[in-house]
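Structural description and commentary
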Amino acid sequence: MARNCIVVNLDRCTGCFGCEVACKMENGVALGERWSKVFTVGPVGEYPDMTRYALPTMCQQCENAPCVSVCPTGASYRDANGVVLVDKEKCIGCKYCMMACPYGVRSWNVAEKCAEKCTLCGHLTSQDKLPACVKSCAAGARFYGDLDDPNSDVSKELAKYSEGDIHTLQDVGNAPATRYIMTSMIGQWQDRIAPADHPHTAAYPVAE
Amino acid sequence: MSRATMTRRGFLKSTAAMGAVTALGISAADSLTAVDPAHADEASDVKIIKTSCRACIASCAVLAHVRDGRVVKIEGNPESPMSQGGVCAKGLAGIQALYHPNRNKYPMRRVGERGTNQWERISWEEALTEVATKINEVSDKYGSEAISVSTGGGGNPHFSNVKRFGEAINTPNVWEPGCSQCYLPRMGASLLAYGAGKPNNLSFADSNGWDYYYTDSPVTSLVLWGTDPSNSSVATGGRALAELRNRPEGLRTVVIDPRYTLDAAKAEVWLPIRPGTDAALLLTWTKWILDNEKFDEEFCRTWTNMPYLVNPETRLTLKATEAGLPGTDADYVVWDSEKNAPVVVEFPMNEGLKPALFGTYEVNGMQCSTGGQLLKESCEEWTLEKGAEICWLDPEQIERALEIYTDPNGQSGIMQGVCIDQYAQSQQCALGALNLEFLMGNVEKPGTMLQKFAPAPCKDQLGNTPRLLSKEKVMKRCGTIEHKGILCWDMAHIPSVFKAMKDGDPYQIHMWIERSGNKHVVLGNSSCLDEIVPNLDYVVHCFMYPTAFSVLCADLLLPTTEWLETNLTIPQLNTIVMRQAVTHLFETVEEGIIWTQIVQKCAELGNEHCAKAFDEEACMAPPFYKNEHEKQLQHLNKLEMSWEEACEKGVIEWAKPEEYRTYQTYLADDKENPGKPKGFGTPSKKLEVYCESNIILGRTGAPWSQCAEEKPLILPPASADYEPLCYYVEPAESPLTDTEYPLVLTEGRLPMYHHGTLRNIPYLREIYPVPEMWIHPEDAEKYGIADGQWVNIESRRGKTHGKARVTTAIAKGVVYQERFWAPELLDSDDPAQAYKVMNVNVLTKNDPPYNPEYGTYTLRGFQVKVSPSDDEILKSVWIEPEQFQPWMPAPSEKTEDVFDYGA
């Protein structure tokens, strides 16, 4: 099965928030909700050895997706192409999936009273177009494709880097597919130590 | 401060009806039809139109998807060599700006008192007649200089045409808060010292540094001095740096910025400099490069004026006639160390002669130093330790940065940001940075910042008509005898214009026509408008939506177009990117057309000067266009295709990259002196390390002073000579001496906003609803401030607020906050709070000392104090995303243009 996902090269990312807006414009995401969310990590460390970077997040397309396993109605599911999606018709609004997601990348649709999230812009990729956030990324930092296909954009970008420069958000057994490229040019990759209390702030608590 | 209440007093639902009175501000949503949000499962009738964004000055190429006359989607156009398909948050939100329910839709006349926010719709004919009548009346009664005209860089300006307009209505008092405070110092210094600058200077954010958009550029390191391309030019400059850093060979960078920006976070060395001390660090770098003999000696001998002897009596370069040598008063003199004698220069340099770069020599009874010697003396005291002490830096880190910049195996360049244009040392810092580049020979080589690549056949700026103004009018331009550098842009000095408005000194200004996003947000010490505007008889504001200036100051509002309604040609490297109107809403009119319409109306009503604006002979330049068609032809200039053809192509490659990237143009053959190289565009054809052109500017106004009768127009000298070399002056308000206001304030760009614009865009405002005030944890502890808390920020000018972000991303002793305002407070009981509540420009300085050359006042590097705040007014500021709902787009039908196309 394909492992389609977004890969972000943080060495390139300028933290412009363009992906957030591209996603919202494309998918009509309501005010206050974000399928694509940019955090600012750090600074951590002491001058002159400090780390600070922008961290764009979105559904990480986990292999063992907890949102799918906790869903009581099958509304959270994996489609034939392996993409984790929400069937809004089946969603009863219990929000279990939102609690189960380790990354807080699911949104609540107030109008439709259901959970929703990044769809990898399936309506575009099915027409051989790129997801909106990838297409418009101002720094050319975002890539879309199948990790298992060596000719995909994501595989080709990852192939340029060594293992130590490739990261995932903290894996608690859910095996996120999304990869982040970050080299020593930026500094030390940071794990988030606690979920953010305020999802709309740039807070990204890390161990000091 | 009291909490502003949202009574929507006087709010009437429709602005569409003529004669109805309405308030502008929160939501003027009226009879417009709401449609579903844009979605990508597009029907087949979607037209994709190539155009370009103008949410900021980068003008990235975009594709506008238009269905049934409505823009439903914006994405990047990969054909642009600069943005390569990227679009930032500002551009992507263009639909929310276009269909903002609060767009200024029709000309509106104030009813009731100023500041009460009551307006009635009038027709364009009425509006034009009213403005033209006022212009003619004021001109007849007080003289046309009693009308002031202003613009700004934000919000889709037609930049140079505001100057044409001022010249057409015969006033020298045109100004903008960019100019002396943004870009002009760096451009002007480059024109004087390098002989090119428009563009061709060190400002990367103003789309210079063209070699860096090509990943085969041999650049190996860059110094980002007070510039953050990731924030200021996201998809162009930010993108270019991302590409360069990610080449296999990479890019080493040094970032000099009080903030640990995302560019700083990727740098090898970050120097968190104290705001206002850039000149001290420039002098430190200069001394280190000279002492360590890192400079390009051969280049300096041949292509700079460092070996030229300077006459101690005139302070200008010594000429053959003054040295008692055969030759003319245009011949320069150097010192031949072998023969121990002065020698007349044979351009570029006498065969076999190695003139002394340094030293002081007796010539014709005078002690003459070389330019190089004077440079050396100017930085004598600036050791690494002294520089580190003044700039609050670590000397070892300064040296690490210098080693990167001067690496003999690499090619470096300096990108100098706007910070230096925002305090009194603007020209000094600009000259100081150019000198570093000159010393290193970083001029027009592959991989250097300074380049003179081939010019595009089209024009984005049409150029103005300075010679329409008589000598009498030019001599009345406010503040420019003292600050002659502003004449480079034919503009006036803002504090001097305000003095004329407020005190009638040297004469009363009666009328103000303004076009920009919000003067209250961008002017230094902007509360000063409270005392100024009551003295004005008539104030016009042209913009796309109401701002604090509209509500507090204006008598007439003229609705301008968004970029999706605008036409322009934009040179981008070896291409031209077209901006074309993809729709037109209500009765909005492109700014450039408003200007010509007013001038035509003035002429029709008998203003004889205005009629001259359309006469090529009187203008001594291409005359004012009369309509959109003529304007387009002037923009196309030498591009041999029709507007329609150009728009169809969207991005036009007029040269191959290798034809465009013309290096070392100064070595090209001089047509007037066959067999000789052309040199640089300075009087000496050399790079003026000892910038005597700056002295001459201060004494005479040359090369920029001009009028109908004379060019150059020789002006009386400024009160003191402009200095030819960089020097350091401690900021007027300094943390070294200030006990009452202990912290230094700096500003700096955010990626989702441009100048004072876009704070009313829901998808942008929810990302960053209120300005963060960055403060170092040690300072936060000292002043009792917690992360996320509202803070009072006070200076000697006023008080405002910011939300604390306690972070080591800011230097100790420094606080950072960007300009901001709260459009949601416009329609409250206290509309002035819209600009006062969280705007650092109520704190900034517009009083002396000014920069001698440009009259630059102080927006950064002055003193503030901070304390926790629980002011009531802060509860009125919108912070929650849902609060921005009234500003969500209200798409509407396309309308016909208001004025005839003209063809």
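Per chain, residues are indexed from 1 in the order of the written sequence. Numbering of ligands from 1 and lettering of chains from A proceed in the order in which they are written. At least 70 in pLDDT is required for a residue's local features to be given in this predicted model, at least 80 for side-chain atom pairs to be given and counted, and no such filter applies to totals for whole chains, interfaces and linings, which use all residues.

**Remarks on the overall build of chain A**
- The helix and strand inventory of chain A stands at six helices and 10 strands.
- Taken over C-alpha atoms, the radius of gyration comes to 16 Å for chain A, in line with the 17 Å a tight globule of 208 residues would show.
- Dimensions along the principal axes, computed over C-alpha positions, put chain A at roughly 55 × 40 × 30 Å.
- Whether a residue is buried, exposed or partly exposed is read from the other C-beta atoms within 10 Å of its own C-beta, which are placed from the backbone; 20 or more gives buried, 12 or fewer gives exposed, and intermediate counts give partly exposed. Within chain A, the fraction of its 208 residues that count as buried is 48%.
- A residue pair is marked as a contact if its C-beta atoms, positioned from the backbone, fall within 7 Å. By sequence separation, contacts in chain A at least 24 residues apart represent 55% of the contacts at least 6 residues apart. Secondary structure elements are taken from DSSP: a helix is a run of H or I of four residues or more, a strand is a run of E of two residues or more, and numbering for both begins at the N terminus. Every radius of gyration here is taken over C-alpha atoms, with the globule rule written as 2.2 Å times N^0.38, N being the number of residues.

**Quick notes on the overall build of chain B**
- When helices and strands are tallied, chain B shows 30 helices and 29 strands.
- Structurally, chain B occupies a C-alpha span of about 90 × 65 × 60 Å along its principal axes.
- Counted over contacts in chain B with a minimum sequence separation of 6, partners at least 24 positions apart contribute 73%.

**Comments concerning the nonpolar core**
Residue and element names in this part refer to chain B.
- Counting 337 residues, the largest nonpolar core has Val254, Val599, Ile775 and Val815 as the members making the most contacts within it.
- Taken domain by domain, this core gets at least three of its residues from each of domain 1 (108-178 + 458-562 + 584-636) and domain 2 (309-370).
- Here valine 254 is in contact with Val223, Leu224, Ala267, Glu268, Val269, Ala401, Ile404 and Tyr405, once residues within four sequence places are set aside.
- For this entry, the nonpolar core is defined as buried Ala, Val, Leu, Ile, Met, Phe, Trp, Tyr and Cys residues connected by C-beta atoms within 7 Å. With five residues, the next largest nonpolar core counts Tyr423, Ala424, Tyr850 and Leu859 among its residues. How far each domain reaches was decided by an automatic or database domain assignment.

**Concerning unusual backbone geometry**
- With omega at -5°, the peptide bond leading from Phe347(B) into Pro348(B) counts as cis.
- Among the secondary structure elements, Pro348(B) is positioned in the loop between strand 14 (341-344) and strand 15 (360-363).
- Each neighbour pair has its own omega, and for Lys711(B) with Pro712(B) the value is 0°, a cis peptide bond.
- For Pro712(B), the position within the fold is in the loop between helix 27 (692-700) and strand 24 (743-746).
- Even without being a glycine, Lys95(A) presents a positive backbone phi close to 65°.

**A word on the pairing of strand 27 (residues 799-806) of chain B**
Residues and elements named next belong to chain B.
- Burial within strand 27 is extensive, with seven of its eight residues counted as buried.
- DSSP bridges decide pairing: two strands pair if at least two such bridges lie between them. As paired strands, strand 25 (residues 772-775) and strand 27 are joined by four bridges and run parallel to one another. What sits directly across from methionine 773, in strand 27, is alanine 804.
- Here strand 26 (residues 790-794) hands over to strand 27 after four residues, the two strands then running antiparallel side by side.

**Observations concerning helix 15 (residues 426-439) of chain B**
Residue and element names in this part refer to chain B.
- Over its 14 residues, helix 15 extends 20 Å from the first C-alpha to the last, a length consistent with the 20 Å expected when each residue adds 1.5 Å.
- Among the 14 residues of helix 15, 14 are classified as buried, and the element is accordingly described as predominantly covered.
- Just past helix 15, the residue glycine 441 takes up positive phi, approximately 70°. Any helix carries an expected span of 1.5 Å times its number of residues minus one.

**Some remarks on the pairing of strand 29 (residues 862-868) of chain B**
- Of the pairings in the sheet, the one linking strand 24 of chain B to strand 29 of chain B comprises three bridges and is antiparallel in character. Directly across from Leu743(B), in strand 29 of chain B, lies its bridge partner Val864(B).

**Quick look at the interface of chain A and chain B**
- In this assembly, 34 residues from chain A lie in contact with 43 residues from chain B.
- When residues of the side of chain A that touches chain B are traced back to their parent elements, those giving at least two are helix 1 (18-27), strand 3 (49-57), helix 4 (122-125) and helix 5 (132-136) of chain A.
- Polar here means any residue outside two lists: the nonpolar Ala, Val, Leu, Ile, Met, Phe, Trp, Tyr, Cys and Pro, and the charged Asp, Glu, Lys and Arg; Gly therefore counts as polar. Partitioning the side of chain A that touches chain B into residue classes produces 18 nonpolar, nine polar and seven charged.

**Some words on the packing of helix 9 (residues 278-291) of chain B against helix 13 (residues 384-391) of chain B**
Residue and element names in this part refer to chain B.
- Between N-to-C directions, angles span 0 to 180 degrees; the directions come from axes that are lines fitted to C-alpha atoms, helices contributing only their stretch in contact. Two elements in contact, helix 9 and helix 13, have axes whose closest approach is 9 Å; the angle formed by their N-to-C orientations is 165°. It follows from the interaxial angle that helix 9 and helix 13 lie roughly antiparallel. For the pair helix 9 and helix 13, the sense of crossing is left-handed. Contacts between helix 9 and helix 13 involve Ala280, Leu281, Thr284 and Trp288 from the former and Leu384, Gly387, Ile390 and Cys391 from the latter. Any angle that is under 35 degrees is reported as roughly parallel, and any over 145 degrees as roughly antiparallel; angles of 65 to 115 degrees are reported as roughly perpendicular and all others as oblique. Note on convention: near helix rotated counterclockwise from far helix by under a right angle means a left-handed crossing. Clockwise means right-handed.

**Some remarks on the sheet that holds strand 22 (residues 575-579) of chain B**
All names here are of chain B.
- Taken in spatial order, the three strands line up as 21-22-23 in an open sheet, and their pairing is antiparallel. Two strands bound the open sheet, and with one partner strand each, they are strand 21 (568-572) and strand 23 (651-653). Each strand axis lies, on average, 25° off the axis of its neighbour in the sheet, ignoring direction.
- Relative to strand 23, strand 22 runs antiparallel, the two sharing three bridges. Looking at the pairing, isoleucine 576 lines up with isoleucine 652 of strand 23.

**Focus: the packing of helix 4 (residues 161-168) of chain B against helix 21 (residues 591-604) of chain B**
All names here are of chain B.
- Contact pair helix 4 / helix 21: the axes reach a minimum separation of 9 Å and the direction vectors enclose 5°. As far as their axial angle goes, helix 21 and helix 4 are roughly parallel. Taking contact as the criterion, the partners of Asn161, Val162, Arg164, Phe165 and Ala168 in helix 4 are, on helix 21, Glu591, Gly592, Trp595 and Val599.
- Partitioned by chemical class, the residues of the contact of helix 4 with helix 21 number five nonpolar, two polar and two charged.

**What to know about the environment of Val138(B)**
All names here are of chain B.
- Looking at the element boundaries, valine 138 is found in helix 3 (residues 124-142).
- Judged by local crowding, valine 138 falls into the buried class, with 21 C-beta atoms found within 10 Å.
- Once the C-alpha coordinates of valine 138 and leucine 282 are considered, the two residues, 144 residues apart in sequence, prove to be 48 Å apart.
- The contact partners of valine 138, leaving out residues within four places of it in the chain, are Ala146, Ile147, His510 and Met511.

**Examining helix 12 (residues 371-378) of chain B**
- All of the buried residues along helix 12 of chain B are Gly371(B), Gly372(B), Gln373(B), Leu375(B) and Ser378(B).
- On the buried face of helix 12 of chain B, the contacting elements are helix 9, strand 12 (309-310), strand 15, strand 16 (366-370) and helix 15 of chain B.

**Topic: the confidence of the model for chain B**
Residues and elements named next belong to chain B.
- With 96% of its residues at a pLDDT of at least 70, chain B reaches an overall mean of 95.
- Overall, residues 1-16 carries pLDDT values under 50, and its contacts beyond four positions in sequence, including any with other chains, amount to 47 contacts.
- What the predictor reports for the complex is a pTM of 0.95 with an ipTM of 0.96. Per-residue confidence from the predictor is given as pLDDT, running between 0 and 100.

**Notes on the environment of Arg477(B)**
Residue and element names in this part refer to chain B.
- Following the sequence through the fold, arginine 477 ends up in the loop between helix 16 (471-475) and helix 17 (494-503).
- Note on arginine 477: 25 C-beta atoms within 10 Å, which makes it buried.
- Ignoring any residue separated from it by four or fewer positions in sequence, one finds arginine 477 in contact with Pro172, Asn173 and Ala492.

**Describing the sheet that holds strand 12 of chain B**
All names here are of chain B.
- With respect to topology, three strands assemble into an open sheet ordered 12-16-15, the strand pairing being antiparallel. Looking at strand neighbours, the two that pair on one side only are strand 12 and strand 15, the edges of this open sheet.
- As judged from the two bridges shared by strand 12 and strand 16, these two strands associate in the antiparallel manner. By the bridge assignment, valine 310 is partnered in strand 16 with serine 369.
- Relative to strand 16, helix 12 is tilted by about 75°, and along the sheet it contacts strand 12, strand 15 and strand 16.

**Quick word on the domain arrangement of chain B**
- The domain boundaries assigned to chain B delineate domain 1 (108-178 + 458-562 + 584-636) and domain 2 (309-370).
- Taking the mean C-alpha position of each, domain 1 of chain B and domain 2 of chain B sit 49 Å from one another.

**With respect to the confidence of the model for chain A**
- Scored by pLDDT, chain A has a mean of 92; 92% of the residues are at 70 or more.
- Low pLDDT, under 50, characterises residues 196-202 of chain A; the stretch is placed with nine contacts to residues that sit more than four places away or in other chains.

**Section: the environment of Pro677(B)**
- Note that Pro677(B) resides in the loop between helix 26 (657-660) and helix 27.
- Excluding residues within four positions of it along the chain, Pro677(B) makes contact with Pro348(B), Tyr666(B), Leu667(B), Ala668(B) and Asp670(B).

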